[in-house]
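# Coordinates in review
What follows is each chain in one-letter form.
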Amino acid sequence: MKDSNKQKNKEKKNNKILIGILILAVLLILSTIGAILLTKNKDEEDKNTLAYTDLIKEISAGNIEKIEMTTGSTTVKVKVKNEEEEKTSIVPNTESFIELIQTKVAEGNEIELIQKPRSILVQIPTILLNLLPTIIMLALFIMLFKLQGIGEKGKVYDETERKTKVTFKDVAGLEEEKAEMVEIVDFLKKPEKYTRMGAKIPRGVLLYGKPGTGKTLIAKAIAGEANVPFISMSGSEFIEMFAGLGASRVRKLFEKARRLAPCIVFIDEIDAIGSRRTSNSGAESENNQTLNQLLVEMDGFSSEETIIVLAATNRPEMLDKALLRPGRFDRQITIPSPDLKGRLDILKIHSKEKKLSSEVNLKSIAEDTAGFTGAELANILNEAAIIATKNNHEEIENDDIEEAVKKVTVGLEKKERVISDKDKRLTAYHEAGHAVVSRYLPTQSNVKEVSIIPRGVAGGYTMYKSDEDKYYISKTEMKEKLIALLGGRAAEKLVLDDISTGASNDIEVATKIARDMVTKYGMSDKLGPIDFQGKEPYEMQMFGEDIGDRIGLEVKSLIDEAYTKAQQMLIEHRDKLDLIAETLLRQEKINEQEFEQFFRD
Ligand code: ADP
Ligand code: MG
Ligand code: ZN
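Description of the structure in this document.

## Let's talk about the coordination of the zinc ion (ligand 3)
Ideal coordination angles are 109.5 degrees for a metal with four donors arranged tetrahedrally and 90 or 180 degrees for a metal with six donors arranged octahedrally. Protein coordination at the zinc ion (ligand 3) comes from His 430 (NE2), His 434 (NE2) and Asp 506 (OD), with a distance range of 2.0 to 2.1 Å. Binding-site remark: the zinc ion (ligand 3) is held by donors from one chain whose sequence spacing is H-x3-H-x71-D. Taken together, the residues span a long stretch of sequence, with His 430 in helix 16 (residues 421-439) and Asp 506 in helix 18 (residues 504-519) at a distance of 76 residues. There is no split in this pair, since His 430 and Asp 506 are both buried.

Shown next as structure tokens:
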């Protein structure tokens, strides 16, 4: 109890310092504005003041209608005939001035003299007037402090602020995953029910999945469903932190969690702090401190504390095994890319507030976007709305969406970028190489569009029609995928007898596929069906000292075989390769129908 009070005080102090800095900044800005306004007022004052000698002249000329005086003040308000605004003037001696007016009035001069009792505000010395904004701000400052104190006593401001409105309804697809989470939601709502039974509820749940698959969203939805605070932190925040700060940040996070329990703690990109503790040097050891603190916090939960820690990563193989031990992140849930139905549901959710034309068929968009993540789908609809606006469409139409799909997949089309003829030729042959090779590979998807118009970083692109969702990919299919990927490079070599950097992405993808085939899917005949991924060096030793070399050789032979095959195919179909490359150079783009025409004889 005492401990938690201490924490509270600490937190309070920190908050106050923060608010203090904030208010000082506001003060500075306001006083600058104040100063500007004051100088402005001064300018205006100059226009509206009447020198005393002029005032006397005007009075003698009978031009003054009214004079207003305040007892004790030397500043008087003067209304000049035929002038709308009143002017101010300073009189050296009020008593003799009043006498002067009275004589003038006696002489028949029509001046209305008003004498007002002294009011306090008018009498504030100018120094104080200048300080006024500052004084007001100081008062506000003090009031804020007091208010904060009240808030803390009332214990409401903190929790409500962190509550999220996201619920499972906002998460499309992922039905099985949501079902798994229902238990956690129920535990957060009624912890006694579980503790009474002695039931063990997972402390930590690790969400694996590509970026944009909805990991953050589902974590928030759990908090929303259970109506508990959502406290989050991202592992990447620690990367550029000073030594020792990472660990203390983790400690503070959990202090807060204990205060707000029942609650959800969400650690995004946990791989940034929880990557394998391999060495003890520099940044590594800083990571270790942070990771160790996280482990200490998770181990230190008592059974009454209703805190569930959710963490997300897209690189599970990087994680330190210590994180996965019982009592820590002992439950792991994979968040997959959405399947056809999931994509349709996501598109439905995100098109709710958008003006879609009735001709738009979400089902067919869902069919065309196999492999897209939820974030990408949401993005497509946003982009489509922007494109529709640019095109002056009343509603979002099919072609707006098609353009958006392209924009999201390959980046924005840059028609105006100047490309040398040599580069164009290279790109044309590279893309034609992909397209021709894929056309003759039975397992590869049909070509939808080939283009040498640069998009984003890509010089050109070949788009394929997407398949129905596949859960399994055969070895033949993977081998043919490698051939299609290397078709670009093979064409460059064949036709231009030179190769370019343009194929780097293809090569990266191909290498990854080949490596997975050997080390993950057990598709190498020589090495057999063994999982070599994510193994510690000593575990690898089991397979022999030279296991690394043997894996490397298998990967290389898969790539070599595919590259040779791609070259053979292109030599055989050189006529099609030339035809398509030439067409691309002429018209920059070839669509599906045009492409198929080339193969009809
Ligand atoms: P991650 O944390 O896995 O990188 P996010 O949860 O941040 O992904 O998802 C980003 C955005 O993508 C969400 O805010 C949401 O708009 C959209 N999104 C992703 N998955 C889904 C889904 N299953 N249902 C609805 N929207 C989704
Ligand atoms: Mg996220
Ligand atoms: Zn390519």
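## Some remarks on the pairing of strand 6 (residues 230-234)
The side chains of a regular strand alternate, residue by residue, between the two faces of the sheet. Within strand 6, 4 of the 5 residues are buried, which leaves it mostly tucked inside the rest of the structure. Inspection of the sheet shows strand 6 paired to strand 7 (residues 263-268) by 5 bridges, in the parallel sense. Across the sheet, Ser 234 pairs through a bridge with Asp 268, a residue of strand 7.

## Focus: the sheet that holds strand 7
Read from one edge of the open sheet, 5 strands run 6-7-8-5-9, paired in parallel fashion. Across the chains shown, the open sheet's two edge strands, defined by having one partner strand only, are strand 6 and strand 9 (331-334). When the angles between neighbouring strand axes are averaged without regard to direction, this sheet yields 20 degrees. This element, helix 6 (residues 175-189), spans strand 5 (204-208), strand 7, strand 8 (307-313) and strand 9 of the sheet and lies at about 140 degrees to strand 9. Contacting strand 6, strand 7 and strand 8, helix 9 (residues 245-260) crosses the sheet at an angle of about 170 degrees to strand 6.

## Describing the nonpolar core
Counting 44 residues, the largest nonpolar core has Leu 482, Ile 551, Ile 580 and Phe 595 as its most contacted members. Of all the secondary-structure elements, those providing two or more residues to this core are helix 16, strand 10 (447-451), helix 17 (475-496), helix 18, helix 20 (547-572) and helix 21 (574-587). No other element matches helix 17, which puts 9 residues into this core. In contact with Phe 595, other than residues within four places in its own chain, are Ala 435, Val 436, Arg 439, Val 447, Val 450, Ile 580 and Ile 590. If you look at the next biggest cluster of nonpolar residues, it comprises 28 residues, including Val 166, Tyr 194, Leu 207 and Ala 219.

## Focus: the environment of Thr 134
As for its position among the elements, Thr 134 is in helix 4 (residues 126-154). For the pair Thr 134 and Leu 27, spaced 107 residues apart in sequence, the C-alpha to C-alpha distance is 7.1 Å.

## Some details on the environment of Lys 481
With respect to the secondary-structure elements, Lys 481 resides in helix 17. In this structure, the C-alpha to C-alpha distance between Lys 481 and Gln 444, residues 37 residues apart in sequence, is 6.8 Å. Setting aside residues up to four positions removed in sequence, Lys 481 forms contacts with Gln 444 and Ile 513.

## Considerations on the sheet that holds strand 3 (residues 87-90)
Strand order in the open sheet formed by 4 strands is 3-2-1-4, with mixed pairing between adjacent strands. Pairing within the sheet leaves two strands with one partner each, and these edge strands are strand 3 and strand 4 (112-116). Shown here is a sheet whose adjacent strand axes are inclined to one another by a mean of 25 degrees, direction ignored. As paired elements, strand 1 (residues 64-70) and strand 2 (residues 75-80) share 5 bridges and run antiparallel to each other. In the strand pairing of strand 2, Met 69 is matched with Val 76.

## Some details on helix 8 (residues 215-226)
For helix 8, built from 12 residues, the straight-helix expectation of 16 Å at 1.5 Å per residue is met to within 8% by its first-to-last C-alpha distance of 17 Å. Inspection of helix 8 places Lys 215, Ile 218, Ala 219, Ala 221, Ile 222, Ala 223, Gly 224 and Ala 226 among the buried residues, and these make up the whole buried set. Residues of helix 8 that are buried make contact with helix 6, strand 5, strand 6, strand 7 and strand 8. Asn 227 sits one or two residues past helix 8 and shows a positive phi near 55 degrees.

## Things to note about the site of ligand 1
Of all residues adjacent to ligand 1, which total 16 residues, the nearest are Gly 212, Lys 215, Thr 216, Leu 217 and His 350. A distance of 3.3 Å is found between an oxygen atom of ligand 1 and a backbone nitrogen or oxygen belonging to Ala 375. Surface burial for ligand 1 is 78%, taken as the share of its 560 Å² of free accessible area covered by protein chains. Residue assignment for the shell around ligand 1 shows that the elements contributing at least two residues are helix 8, helix 12 (340-351) and helix 14 (374-390). No other element matches the 3 residues that helix 8 contributes to the shell around ligand 1. Here the residues of the shell around ligand 1 are counted per class, giving 7 nonpolar, 6 polar and 3 charged. For the shell around ligand 1, the two domains that each supply at least three residues are domain 2 (155-334) and domain 3 (340-409).

## Overview of the packing of aromatic side chains
Evaluation of the coordinates by the stated rule reveals 5 aromatic pairs. Between the aromatic rings of Phe 230 and Phe 266, the centroid separation amounts to 5.7 Å while the plane-to-plane angle is 25 degrees, which identifies the pairing as stacked. Here Phe 266 lies in strand 7 and Phe 230 lies in strand 6, a separation of 36 residues in the sequence. Exposure class is identical for Phe 230 and Phe 266. Each is buried. Grouping aromatic residues by their ring pairs yields a cluster made of Tyr 440, Phe 595 and Phe 599. Between Arg 439 and the ring centre of Phe 599, over which it is positioned, the NZ or CZ distance is 4.6 Å.

## Quick notes on unusual backbone geometry
Excluding glycine, most residues fall at negative phi; most peptide bonds, likewise, are trans. The step from Ala 261 to Pro 262 runs through a cis peptide bond, and the omega angle for that step is 0 degrees. Tracing the backbone shows Pro 262 in the loop between helix 9 and strand 7. Even without being glycine, Asn 227 reaches a positive phi, approximately 55 degrees. What makes Asn 227 partly exposed here is its relative accessible area of 49%. Positioned with a positive phi, Asp 497 is a non-glycine residue whose angle comes to about 50 degrees. Structurally, the position occupied by Asp 497 is in the loop between helix 17 and helix 18.

Conventions and cut-offs
- Residues numbered from 1 in each chain as written.
- Chains lettered and ligands numbered in written order.
- Predicted model: local features only at pLDDT ≥ 70, side-chain atom pairs only at ≥ 80, totals over all residues.
- Heavy atoms only, no water.
- Donors = N, O, S within 2.8 Å, 3.2 Å for Na, K, Ca; no water.
- Helix = DSSP H or I, 4+ residues; strand = E, 2+ residues; numbered from the N terminus.
- Buried < 20%, exposed > 50% of the residue type's maximum accessible area, 1.4 Å probe, protein only.
- Pairing = 2+ DSSP bridges.
- Axes fitted to C-alpha atoms, helices over the stretch in contact; angles between N-to-C directions.
- Contact = heavy atoms within 4.5 Å.
- Core = buried A, V, L, I, M, F, W, Y, C linked by side-chain atoms within 4.5 Å.
- Expected span 1.5 Å × (residues − 1).
- Near = heavy atom within 4 Å.
- Polar contact = N/O pair within 3.5 Å; in protein donor to acceptor, adjacent residues only side chain to side chain.
- Areas by Shrake-Rupley, 256 points an atom, 1.4 Å probe, with all protein chains shown as cover.
- Nonpolar A, V, L, I, M, F, W, Y, C, P; charged D, E, K, R; others polar.
- Domains from an automatic or database assignment.
- Phe/Tyr/Trp six-rings, centres within 6.5 Å; stacked < 30°, edge-to-face > 60°.
- Lys NZ or Arg CZ within 6 Å of the ring centre and 35° of its normal.

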